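# Structural features, examined
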Amino acid sequence: LIHEKRVKVEIYACGEDRKWCLKKKGSPGNMAELEDVLFAGNNEMQETNTLIAVKLAYDGGQRVIGAAFIDVILKKIGVAQLLDNDQLTNLESLIMQVGAKECYSMPLDEKDLDCQKMKTVYEKCDLVVTEMKRNDFASQDIEQDLRRLLGEKRFNTIKMSLIDDKHAMSAVSCLLNGLALMGDETNFGAYKMYRFDLDQYMRLDTAAIYALNVLPNPKEPNQGQNLYGLLNRCKTPMGSRKLLQWLKQPLLDLEMINNRHDVVQIFYEDENLCKELRTKCLRRIPDLERLSKKVQRNRASLQDCVVIYQFIQRLPEISDTLKNSLGDQKLINEKFIAPLERDLSGYENLIEETIDLEMVDEGEYVISASFDDELKEISDKKKKVVKNIKGREDEVKIQIGSPSSFKIDNDKTHGWFYRISRKDEKSIGGKKNEKIFTILQPISKVLKFQDAEMKALSEKYTELSASYNKKSADLVREIMLIVSSYLPVFEEAHELIAELDVYTSFADVAYTAPYSYIRPDMKELGTGNVVLKKARHPVLEIQPDMTFIPNDTDLVRGESSFQIITGPNMGGKSTFIRQVGVIVLMAQIGSFVPCDSAEISICDAILARVGAGDSQLRGVSTFMAEMLETSTILHTATPNSLIIIDELGRGTSTYDGFGLAWAISEFISTKINALCL
């Protein structure tokens, strides 16, 4: 409901007074209260859930967007204050890049044109929108609130750089009010805040995201036929989230792009290393990012601590594997090995001394009895009860005819019990046995039952376990306090593992493609050209029964920067122009590309006008939709942008469409001077 239908969910429970009361609630942008329900067991988060607050203001006659976005689970707040044009293209790019699912918006006046444009942007980005009161954006107490929320040290670090962005701070106030963050003392000192700079990433709006099939489109039947589905061979949920972030935030800095390509090249050229990391080292890695936040919110259990301990014990294996790299050992050492070899023996010793690791194998996570004299006494009594329970096995087995499936077992629901398979059910039948044994779970493939002695022993064991847990509760709190001091190290570790996962995924995609990918030759923003030899569409070429014909592309500044593609229906025109956009995007996130050779000039934006469709609910015709998207391109494009336009003017008559296409083409080629297909 939350992910697919984009609705808010409330969970009610009937209390002791027989009155229904709200227990938990969640929405697409805030699932903190439902985290334990949604992500229990093996259901890990594949993407972040971000809520954004937006305020539109006017300074000196210019539109100013103040925005703040938050991930309540990961405890991060980002802020941005930026100028925007009359199409609000920067707002749309911001929403797409941060991956917002829900929005707290200023009141949207139906008579105000800019408010209606904001509403249109929200609809295009598929946001769940809540209109907040203007008082919610009041920021007179924001310094005091942030000082408590971030902690004194973090607040002083960001105070000078962020606090003067008054419109962004108004948006932060709206988040704090809407989520009632100041009413929960566990939030104090737990959050981080940072400035989000829209200009450090390539701009991608919703039209480009859908035109290039970058992300899964809920409206499309084949959810795997997109760039994210192709590249996401990550073994960890942390890696999948990192890949999603990189796809929404392609880089503009040449040095950072080349650095990513350097790492991918190491794994691409050393296939054995890449396979060993993916098949041995990265498999069954826990979602350390989510576990770290549970520790931070004082919601972690001893089981979580043990899972982190088991992860730490695997770090030497990852480090030793990386040391066998045939590539640039200095780069691998700086980026991965040195950070992974940080001394965590203190944490390992803590877990080994305080938690009974032998009981972990039996599914119990308890404080070690040797840690406290009273606990040791209770533990000895528990062991004696277990010994008596085990001692019942031979006697009862003989009593019921020694069925091969007979054994003693336990679970949280029934405690200790005997069990046999259904095929041996007759062994406990008959009037005599019916008086001796009580069946606990009749509807099952396995028959669970007890006799009077087993019931008494089970109850005694449960009683001792409760006493043990009650006594160890204070010790658990002390342990958690010590565990929380390792949070910075955990956060660095999950970031490293996530990046390693993405890099090896890129390499795996590159060398397992029908025709291997190559490393692109990247050129600084504003220099070089886009020259692709035998380029292929990465998603289409892997489709079954597909024989893809490679194509060359030469977008040379001053010579062939504007190209018109013609050909018959189903001739591959749309595929040709889209594959250029996809290849440029792949190069700027750090991936290799499906070509024989590629020179790529860094683009500050990919702007697309592909396909034609109306929106009857918004009162927008096919022609109007075309014109709105084209207007956005003309207002946003720079000489360093890549523009993709497919069949412009098809929403009106042939004569009028030709005139519009000619005028727009002339404007792009002579005024904007952007690369265009």
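As a starting point, this report considers the structure included with it. Numbering of residues starts from 1 in each chain and follows the order in which that chain's sequence is written. A pLDDT threshold of at least 70 governs which residues receive local features in this predicted model, and a stricter bar of 80 or more applies before side-chain atom pairs are shown or counted, although totals over entire chains, interfaces and linings include all residues. As a convention, hydrogens and water are excluded, and side-chain values are obtained from all of the structure's heavy atoms.

A few words on the overall build of the protein. What the protein contains, in helices and strands, is 23 helices and 20 strands. Once the C-alpha set of the protein is aligned to its principal axes, its extents read approximately 95 × 60 × 55 Å. Contacts are residue-level and defined by heavy atoms, with any inter-residue pair within 4.5 Å sufficient. Taking the intrachain contacts of the protein between residues at least 6 apart in sequence as the baseline, contacts between residues at least 24 apart amount to 70%. As displayed, the protein offers around 32700 Å² of accessible surface, 48% of which is attributable to carbon and sulfur atoms. Numbering of helices and strands runs from the N terminus; a helix is a DSSP stretch of H or I covering at least four residues, while a strand is a stretch of E covering at least two. Accessibility throughout is a Shrake-Rupley quantity obtained with a 1.4 Å probe, and a residue counts as covered only by protein chains that appear here.

Moving on to the pattern of salt bridges. One side-chain nitrogen of Lys or Arg within 4 Å of one carboxyl oxygen of Asp or Glu is enough to make a salt bridge. For the structure on display, the rule yields 30 salt bridges. Across the pair Arg 342 and Glu 492 runs a salt bridge, and its minimum N-O distance is 2.8 Å. Linking Arg 342 in the loop between α14 (329–340) and α15 (345–354) with Glu 492 in helix α20 (residues 487–512), this pair joins segments that are 150 residues apart in sequence. One salt bridge in this structure joins Lys 381 and Glu 377, with 3.9 Å as the shortest N-O distance. With Lys 381 and Glu 377 both in helix α17 (residues 373–399) and four residues apart, the pair spans about one turn of that helix.

Attention now goes to the sheet that holds strand β6 (residues 100–105). Here a strand pair is declared whenever DSSP counts at least two bridges between the two strands. Pairing is mixed in the open sheet, where six strands are placed in the order β7-β6-β3-β4-β5-β8. One side of each edge strand has no neighbouring strand; the edge strands of this open sheet are β7 (128–131) and β8 (192–195). Taking the axes of each pair of neighbouring strands and ignoring which way they run, one obtains an average angle of 20° across the sheet. Examined bridge by bridge, strand β4 (residues 62–71) and strand β5 (residues 76–84) share nine bridges and lie antiparallel to one another. Within β5, the position partnered with Ala 67 by the bridge is Ala 80. Axis angles are defined between N-to-C directions and span 0 to 180 degrees, where every axis is a line fitted to C-alpha atoms and, for a helix, only to the segment in contact.

Together, Tyr 12, Trp 20 and Leu 22 make up an exposed nonpolar region whose accessible area comes to about 370 Å². When you line up the elements, Trp 20 lands in strand β2 (residues 20–26). Each residue is assigned to one of three classes by its accessible area relative to the maximum for its type, calculated with a 1.4 Å probe on protein chains only: buried under 20%, partly exposed between the two thresholds, exposed over 50%. Look at Trp 20 and you get exposed, because its relative accessible area is 63%. Nonpolar side chains (Val, Leu, Ile, Met, Phe, Trp, Tyr) within 5 Å and like charges within 9 Å form the patches, drawn only from residues with over 30% relative accessible area and no salt bridge.

Where helix α10 (residues 254–269) meets α20, the axes come as close as 8 Å, and the angle between the chain directions of the two elements is 60°. With respect to α20, the axis of α10 lies oblique. As for the relative orientation of α10 and α20, their crossing is right-handed in sense. Residues Arg 260, Val 263, Val 264, Phe 267 and Tyr 268 of α10 form the contact with α20, whose participating residues are Leu 500, Tyr 503, Thr 504, Phe 506, Ala 507, Ala 510 and Tyr 511. Note on angle classes: values under 35 degrees are labelled roughly parallel, values over 145 roughly antiparallel, values of 65 to 115 roughly perpendicular, and the remainder oblique. The crossing is said to be left-handed when, going from far helix to near helix, the turn is anticlockwise and less than a right angle, and right-handed when the turn is clockwise.

This part takes up the nonpolar core. Definition used in this section: a nonpolar core is a set of buried Ala, Val, Leu, Ile, Met, Phe, Trp, Tyr and Cys residues joined via side-chain atoms within 4.5 Å. With 192 residues, the main nonpolar core has Leu 94, Leu 231, Phe 267, Ile 318, Leu 322 and Tyr 347 as its most contacted residues. Among the elements that make up this core, the one with the highest residue count is α20 (14 residues). If we skip the residues at most four places from it in the chain, Leu 231 touches Leu 243, Leu 247, Ser 505, Phe 506, Val 509, Met 586, Ile 589 and Ser 591. Met 627, Ile 645, Ile 664 and Cys 676 belong to the second-largest nonpolar core, a separate cluster that totals 14 residues.

Attention shifts here to the packing of aromatic side chains. Ring geometry is summarised as follows: Phe, Tyr and Trp rings, the Trp one being its six-membered ring, pair when their centres sit within 6.5 Å, and such pairs are stacked at plane angles under 30 degrees, edge-to-face over 60 and tilted between the two. Scanning the model with the defined rule gives 16 aromatic pairs in all. Seen from their ring centres, Tyr 347 and Tyr 486 are 5.4 Å apart, and the 75° between their planes marks the pair as edge-to-face. Residue Tyr 347 is found in helix α15, and its partner Tyr 486 is found in the loop between α19 (452–484) and α20; the two are separated by 139 residues along the sequence. Classification of Tyr 347 as buried rests on a relative accessible area of 0%. By relative accessible area, which is 18% here, Tyr 486 ends up buried. Through a chain of ring-to-ring contacts, three or more aromatic side chains come together here, namely Phe 69, Tyr 194, Phe 196 and Tyr 201. Whether a charge lies above a ring is judged from NZ of Lys or CZ of Arg, which has to be within 6 Å of the ring centre and within 35 degrees of the ring normal. For Arg 260, the ring lying beneath its charged end belongs to Trp 246, and the centroid distance is 3.7 Å. One cation-aromatic arrangement involves Lys 382 over Tyr 468; the distance from NZ or CZ to the ring centre is 5.1 Å.

One open sheet accounts for four strands, arranged β10-β11-β13-β12; its pairing is antiparallel. Edge positions in the sheet fall to β10 (407–411) and β12 (438–441), since each of these pairs with one other strand and no more. Neighbouring strand axes in the sheet, compared pairwise and without regard to direction, differ in orientation by 45° on average. Two elements, β12 and strand β13 (residues 446–450), share three bridges in a ladder whose sense is antiparallel. Note on β13: the bridge partner recorded for Thr 438 is Gln 450.

Moving on, we get to the pairing of strand β15 (residues 530–535). Regular strands place their side chains on alternate faces of the sheet. Sheet topology places β15 next to strand β16 (residues 551–555); four bridges connect them, and they run antiparallel. Of the residues in β16, the one forming a bridge with Val 531 is Asp 554.

Buried within helix α11 (residues 271–281) are the following residues: Leu 273, Cys 274, Leu 277, Arg 278 and Cys 281. End-on view of α11: buried residues confined to an arc of 125°, all on one side of the axis. Of the surrounding elements, those touching the buried residues of α11 are α10, α13 (302–323) and α20. This arc describes the spread of directions from the helix axis toward the C-beta atoms.

Let us look at the side chain of Asp 646. Looking at the element boundaries, Asp 646 is found in the loop between β19 (642–645) and α23 (654–672). Charged residues are defined here as Lys and Arg on the positive side and Asp and Glu on the negative side; His and the ends of the chain fall outside this count. Comment: no salt bridge for buried Asp 646; closest opposite-charge side chain is Arg 578, at 4.3 Å. A distance of 2.6 Å separates the side chain of Asp 646 from the side chain of Ser 574, its partner in a polar contact. Throughout this description, a polar contact denotes any pair of N or O atoms lying within 3.5 Å of each other; where both atoms belong to protein, one of them has to be capable of donating a hydrogen while the other can accept it, and for residues adjacent in sequence the pair is counted only when both atoms sit in side chains.

It is worth spelling out the side chain of Asp 356 at this point. For Asp 356, the location among the structural elements is in the loop between α15 and α16 (357–360). In this structure Asp 356 is buried but unpaired, with Lys 383 as the nearest side chain of opposite charge at 6.1 Å. Engagement of the side chain of Asp 356 in a polar contact is seen with the backbone nitrogen of Glu 358, the distance being 3.2 Å.

Our focus in this paragraph is unusual backbone geometry. The backbone of Ser 402 sits at a positive phi, close to 55°, despite the residue not being glycine. On the basis of relative accessibility, which here comes to 42%, the residue Ser 402 falls in the partly exposed class. Residue Asp 545 is not a glycine yet carries a positive backbone phi of 60°. Structurally, Asp 545 is set in the loop between β15 and β16.

Here the focus is helix α6 (residues 166–179). Here the expected length of a helix is defined as 1.5 Å per residue gap, with one fewer gap than residues. If you check α6, its first and last C-alpha atoms are 20 Å apart, about what 14 residues at 1.5 Å a residue would give, namely 20 Å. Residues of α6 that are buried: His 167, Ala 168, Met 169, Ser 170, Ala 171, Val 172, Ser 173, Cys 174, Leu 175, Leu 176 and Leu 179.

Before going further, it helps to examine the environment of Lys 235. Relative to the helices and strands, Lys 235 resides in the loop between α8 (227–231) and α9 (237–248). What makes Lys 235 partly exposed here is its relative accessible area of 37%. In this structure, the C-alpha to C-alpha distance between Lys 235 and Ile 378, residues 143 residues apart in sequence, is 42 Å. Setting aside its immediate chain neighbours within four residues, Lys 235 contacts Arg 278, Leu 282 and Asp 501.

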